[in-house]
Amino acid sequence: MSGTGSGTDAAAEADAEATAETETAAETYTASVVGGTGFTGGELLRLLAGHPNFDVVQATSRSADNMTVGRSHPNLRDLDLRFSSPDDLESVDVLFSATPHGVSMGRVDEYFEVADTVVDLSADFRLPEAAMYDEWYDGHESPEYLERAEYALPELNRENLPGADLIAGGGCNATATILGLKPLVDAGVLGPDDGEVVVDVKVGSSEGGAGGGAASSHPERSGVVRPYAPTGHRHEAEIEAYLGLSVSFTVHAVDMVRGASATCHVFPDEPVSKGDLWKGYRGAYADEPFMRVVSGGGGVYRYPEPKSVAGTNHGEVGFELDPGNRRVVVFSAIDNMTKGSAGQAVHAANVALGLPETAGLEFGGLHPVGSP
């Protein structure tokens, strides 16, 4: 009899868990996007409009107040929503802030008056200490919130995201680099005092935002491979904070709209085999829903390529071993607008709210496509 009872209890427990998952998957949260006319705001609206668990009730803009969302984002012309003033925030479950750096830190109290969860996509809360903002930015207006904020990248910080009410989106260049190097850190190949790391990142023009200025205009951007941050890029601070690594970091602007591609030259102190690398990368990302290991296979796309992930929340990583120079070359590619920004924010919100991680992010991309 006891065996029968145990089986019945187990079945009942499984049914209860399945019911709870179904109820969670069906739950709906109201959402707003503050700063909705920018590229990142538009990407957020695209993802949230197709998300089964979010109902977008407000998008704000000072420059386009009372204008339709489709006027700024032609891919969203079917979205029945007009921009409203950011001074008149509605009460929502989740507020996504896609404003320039410095805005959210001054309005965070106001945000929490109208929302239970705040997801900020600027740099305002992504570093853990006020001293880092003094060094890399222009100080911080609300340092008391830094300890409360959780870094948005689930592949790095998943265990701390459930229940988080302040989520800080990572920088796109930092995201691409962290995803490439994290398996080496986890495997013990790299540490604070181990080896040398040189990172070269190439990014598309959308990183400059909708108001990117003369350097991002098409006549100036077309055809270039332009070093715009040879040294001292602010995203180095995130890499150091979350991987414990000091890296030599350079960023190039290239003739691409969407995408960030990081090539990391790693010189470990101890020899590393190809088997060690495969074990480390497969171990790190085998269970990650959005990560692909692409390393020297057949076909045209043998290594990570921004074009392969354009418009998606996927990240690709790969590597090659250069034993003659005791060098490991690590490649990583993301869409800077999605995995590097809006998609990462939605992914983190899914985890924080207990929703299916892939909800609203299932788009697998297109092939062939033109310039991403």
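These figures come from a predicted structure and were not determined experimentally.

Attention now moves to the overall build of the chain. Across its full length, the chain holds 12 helices and 14 strands. Here the C-alpha radius of gyration of the chain, 21 Å, is about what a compact globule of 372 residues would show, namely 21 Å. Along the first, second and third principal axes, the C-alpha set of the chain runs to 75 × 60 × 45 Å. Put simply, the chain has 372 residues, and 51% of those count as buried. Between the mean site of the 24 positive side-chain charges and the mean site of the 56 negative ones, the chain shows a separation of 11 Å.

When you tally the buried positions in strand 4 (residues 92–97), you get 5 out of 6 residues, the bulk of the element. Where strand 1 (residues 29–34) meets strand 4, 4 bridges bridge the pair, whose relative direction is parallel. When the bridges of strand 4 are listed, S32 appears paired with L95. Bridge count between strand 4 and strand 5 (residues 115–120): 5 bridges; the pairing is parallel. Within strand 5, the residue paired with F96 across the bridge is V119. In this region the chain leaves strand 4, passes through helix 4 (residues 104–114) and returns to the parallel neighbour strand 5; the handedness of that crossover is right-handed.

All told, the structure shown has 15 salt bridges when counted by the stated rule. Between D87 and R62 there is a salt bridge, with the nearest N and O atoms lying 3.1 Å from each other. Within this pair, whereas D87 is found in the loop between strand 3 (83–84) and strand 4, its partner R62 is found in the loop between strand 2 (54–60) and helix 3 (69–72), the two being separated by 25 residues in sequence. Judged by its relative accessible area of 49%, D87 is partly exposed. Looking at R62, the relative accessible area reads 57%, which means it is exposed. Note that K274 and E320 form a salt bridge whose closest N and O atoms lie 3.6 Å from each other. Residue K274 is located in helix 10 (residues 274–285), and its partner E320 is located in strand 13 (residues 315–322); the two are separated by 46 residues in the primary sequence. Judged by its relative accessible area of 24%, E320 is partly exposed. Bridged by salt links that share partners, the residues E43, R46, R258 and D335 form one connected network.

The rules behind these values
All residue numbers here refer to positions counted from 1 along the written sequence of the relevant chain. In view of the model being predicted, local features appear only for residues whose pLDDT reaches at least 70, and side-chain atom pairs are presented and counted only at 80 or more, with totals across whole chains, interfaces and linings using the full set of residues. Note that the side-chain values use all heavy atoms of the structure and ignore hydrogens as well as water. Per the convention used, a helix needs a DSSP run of H or I reaching at least four residues, while a strand needs a run of E reaching at least two, with both numbered from the N terminus. The reference for a compact globule is 2.2 Å times residues^0.38; the radius of gyration itself is calculated from the C-alpha atoms. Exposure is judged per residue with a 1.4 Å probe applied to protein chains only, and the accessible area is read against the type maximum: over 50% gives exposed, under 20% gives buried, and values in between give partly exposed. Counting rule applied: Lys, Arg positive; Asp, Glu negative; His and chain ends not counted. Note that the charge is assigned to NZ on lysines, CZ on arginines, CG on aspartates and CD on glutamates. Here a strand pair is declared whenever DSSP counts at least two bridges between the two strands. Crossovers are described as right-handed under a simple rule: with the strands pointing away from the observer, the path leading from the first strand over the helix to the second runs clockwise. For salt bridges, the criterion is a side-chain nitrogen of Lys or Arg within 4 Å of an Asp or Glu carboxyl oxygen.

Geometric values such as these leave the question of function open.
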